[in-house]
Amino acid sequence: MGAVSAYYNLEAERATIAAGMKRGGNWKKLQALTAEDFYDAAHQRIFRAEQALLSAGKPADMATMPAAMAKYGDADADMLVLMEIARNSFGAEFGVDENVRILKDLHLRRMLHAELENALDALGDAANETEAILERTRQRLRDMVTTGHEWQNISSVMLNTFKALERRAKGEDKGMPYGIAMLDKHMAGLHRGELTVIGARPAVGKSALGAYIAISAAASGYRVGICSREMTDVQYGVRLLANRTQVDPMRMRTGEIRDADWEDITEALEHFGSQPIDFLFTTRNVEDLRMEVQKRVDSEGLDVLVVDYMQLLQTRERFEKDYLRVGYVSKTLKDMTVDYNIAVVALAQVGRSSDGDMPTLAELRGSGDIEQDADNVIFMHRPKPDEKYVDPSDRDLIRGLEMQKMRYIALDIAKQRQGETMTTSVIFDPARMRFTGIARDAG
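First things first, this report covers the structure right here in the doc. Since the model is a prediction, treat every value here as computed from it, not as a measurement. (Residues numbered from 1 in each chain as written. Predicted model: local features only at pLDDT ≥ 70, side-chain atom pairs only at ≥ 80, totals over all residues. Heavy atoms only, no water.)

**As for the overall build of the chain**
Here's step 1: A tally of helices and strands in the chain yields 18 helices and 9 strands.
Here's step 2: Taking 2.2 N^0.38 as the reference for a compact globule, 443 residues should give roughly 22 Å; the C-alpha atoms of the chain span a radius of gyration of 29 Å, well beyond that estimate.
Here's step 3: Considering only C-alpha atoms, the chain reaches an extent of 95 × 55 × 45 Å along its principal axes.
Here's step 4: Of all 443 residues assigned to the chain, the portion counted as buried reaches 45%.
Here's step 5: At a minimum sequence separation of 6, the contacts of the chain that also span at least 24 residues come to 70%.
Here's step 6: Just so you have it, the chain exposes about 23700 Å², and 50% of that area is on carbon and sulfur atoms.
Here's step 7: Between the centroid of the 58 positive side chains of the chain and the centroid of its 69 negative side chains there is a distance of 2 Å. (Helix = DSSP H or I, 4+ residues; strand = E, 2+ residues; numbered from the N terminus. Rg over C-alpha atoms; globule rule 2.2 N^0.38 Å. Buried < 20%, exposed > 50% of the residue type's maximum accessible area, 1.4 Å probe, protein only. Contact = heavy atoms within 4.5 Å. Areas by Shrake-Rupley, 256 points an atom, 1.4 Å probe, with all protein chains shown as cover. Lys, Arg positive; Asp, Glu negative; His and termini not counted. Charge placed at Lys NZ, Arg CZ, Asp CG, Glu CD.)

**Some thoughts on the pairing of strand β2 (residues 224–228)**
Here's step 1: Counting buried positions along β2 gives 5 out of 5 residues, so the element sits mostly inside the fold.
Here's step 2: Neither face of β2 is exposed, since V224, I226 and S228 on one face and G225 and C227 on the opposite face are all buried.
Here's step 3: One ladder, built from 4 bridges, connects β2 with strand β3 (residues 277–280); its direction is parallel. Residue pairing for β3: C227 is matched across the bridge by L280.
Here's step 4: Of the pairings in the sheet, the one linking β2 to strand β4 (residues 304–308) comprises 5 bridges and is parallel in character. Paired with I226 across the bridge in β4 is V306. (Pairing = 2+ DSSP bridges.)

**Brief notes about the side chain of R290**
Here's step 1: Topologically, R290 is positioned in helix α14 (residues 286–299).
Here's step 2: Judged by relative accessible area, R290 falls into the buried class, the value being 6%.
Here's step 3: When near neighbours in sequence (up to four residues on either side) are disregarded, R290 contacts E135, R138, Q139, R142, T332, D335, M336, D339 and Y340.

**As for the pairing of strand β9 (residues 434–437)**
Here's step 1: In terms of strand pairing, strand β8 (residues 422–429) meets β9 through 4 bridges, oriented antiparallel. Paired with V426 across the bridge in β9 is G437.
Here's step 2: Linking β8 to β9, which pair antiparallel, is a turn of 4 residues; within it M433 sits at a positive phi near 60°.

**A few points about the pattern of salt bridges**
Here's step 1: This model, assessed by the stated rule, comprises 18 salt bridges.
Here's step 2: Residues E300 and R223 are paired through a salt bridge, measuring 3.4 Å at the closest nitrogen-oxygen approach. Pair noted here: E300 is in the loop between α14 and β4 and R223 is in the loop between α10 (206–219) and β2, with a separation of 77 residues, a long-range link.
Here's step 3: Where D375 meets R417, a salt bridge forms, and the shortest distance between an N and an O atom there is 2.9 Å. Taken together, the residues span a long stretch of sequence, with D375 in the loop between α17 (370–373) and β6 (376–381) and R417 in the loop between β7 (407–416) and β8 at a distance of 42 residues.
Here's step 4: Among the ionic contacts, a cluster of salt bridges with common partners joins R223, D278, R296 and E300. (Salt bridge = Lys/Arg side-chain N within 4 Å of Asp/Glu carboxyl O.)

**As for helix α1 (residues 10–20)**
Here's step 1: Those residues of α1 that fall on the buried side of the exposure criterion are A12, E13, T16, I17, A18, A19 and G20.
Here's step 2: Its side-chain oxygen at 3.2 Å from the backbone nitrogen of E11, N9 defines the N-terminal cap of α1. (Polar contact = N/O pair within 3.5 Å; in protein donor to acceptor, adjacent residues only side chain to side chain.)

In C-alpha cells:
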C-alpha cells in the first residue's frame, strides 16, 4: 500500500492560505474547508487562525494574523511559514475552487488509507471476526462520504417544516398505513425516521400484526422488507395465503387441500406475486441486517422494514449482559430509520412478569434501551371480559368471539412522540391472520 505522504499537495495548501489573505469573496469558497483538510501541521494552525478572523468578518493579513496565530501553537515558527506564503502569493486568488477540491480529495484519500490500514491490522488478529471487521470498515467508509454535515438556521428549518405541512395538507405526504383504522387515525400511520415497537407476550399475535402491517403498506404501493427470525419462508407463505384465502391453514399444514382450494390459492399467489414485499430469513446479526437494508435502499428502494422479532437478532459485538445486546440492537434499528429514511416496525417479546395484564413501558426498560429508542410503542394484550381494557359494551362480544375461535385484542399506544397515548381494541382472526376494527356507535 502506498505511503500516506503521497496524499498531499503543499503547493495547493499554501495557495489556499494565500487566497484567504486576499481581499474579495474568496472566504465563501474556503468555507467548505476545515483545518484537517491540510496535511502540513503548520498549515493547519495557520488556516485555523485565518478561519477565525474571516469568520468574524475581519481581514486576514500580515497585520492581523500574528495575534490570531498565537492562540493555535508556535506563532513564531508559523509566522516564518506565513511570511514565505505571503511572498509567493502572486495569483493566489485564481484557481481557488480547484485547490479546495484538491485538498478535500487528498484528505479523503488520507482517511481512506488510514482506515484500510486499520482493517489490515484487525485482520491480522485471529481473535477478530472477519464479518465484524467488514461491518466496521463498511460503516466507517460510508461515513467518510456522508459526513457533509451542515448547520441549518432556524429560517431554513421552519421553511422545510412549512413545506412538509403543505404536502401533508394536500395529501402528498401521508403516513404509511397500519391497516387498522384506529391506529391510522390516532397515529397518522407509519412515518419515515421513526422506530415503532410492538410488544406482546408469547402467543398473543404480534407476528401476525407485523405481517398484517406489512401487507397493508405494500397494498398501498410502499416497498416493504420483512426480516423474520421466527419463521421459515414456507411458514410465512402459509400465513400470507391464510390472510388472502378461505382455505383452512390446518389443511395447508397437513396437505389435505381440496380441489376447490387450489383456485383460491392460485389467485392469492398471483396477488402476492405482484406485491412489493421482500424477505430476509437467514439474517442473524443486526449488523448484517443493516448491510442488507443499505443495499436494498441503494438499489430498489425501501419504505418500511418489519423485524420479527428484535430480541432474536444477535450482534457481532460481544456483550457481558443480554440487555446490553438488546439495547445495541434497538439503537441500531433506530439509527437505520434516520440513516435510510425508512419506517421500522420492530416486534418485541415482553416477559411474563405481570402475565395476565397489559404490558407496560417498565417491562421494556429491562430490555436494553427499547423504550428510549422507540418513537412509538404499541402493546398487545388479550384481556378477560371484565378487565379495564375492555369497553363495557364489548364483554358479550368477547364471549362470542371465543366460541368462533377469534380473539379480542386490546392495543395500548403507550408511547407516541408526536401524539397522545390511548387504548383501542380489534378483533383478531388467528386462522386468517386478519385484524378488524370494532365499529362504535358515534352517538
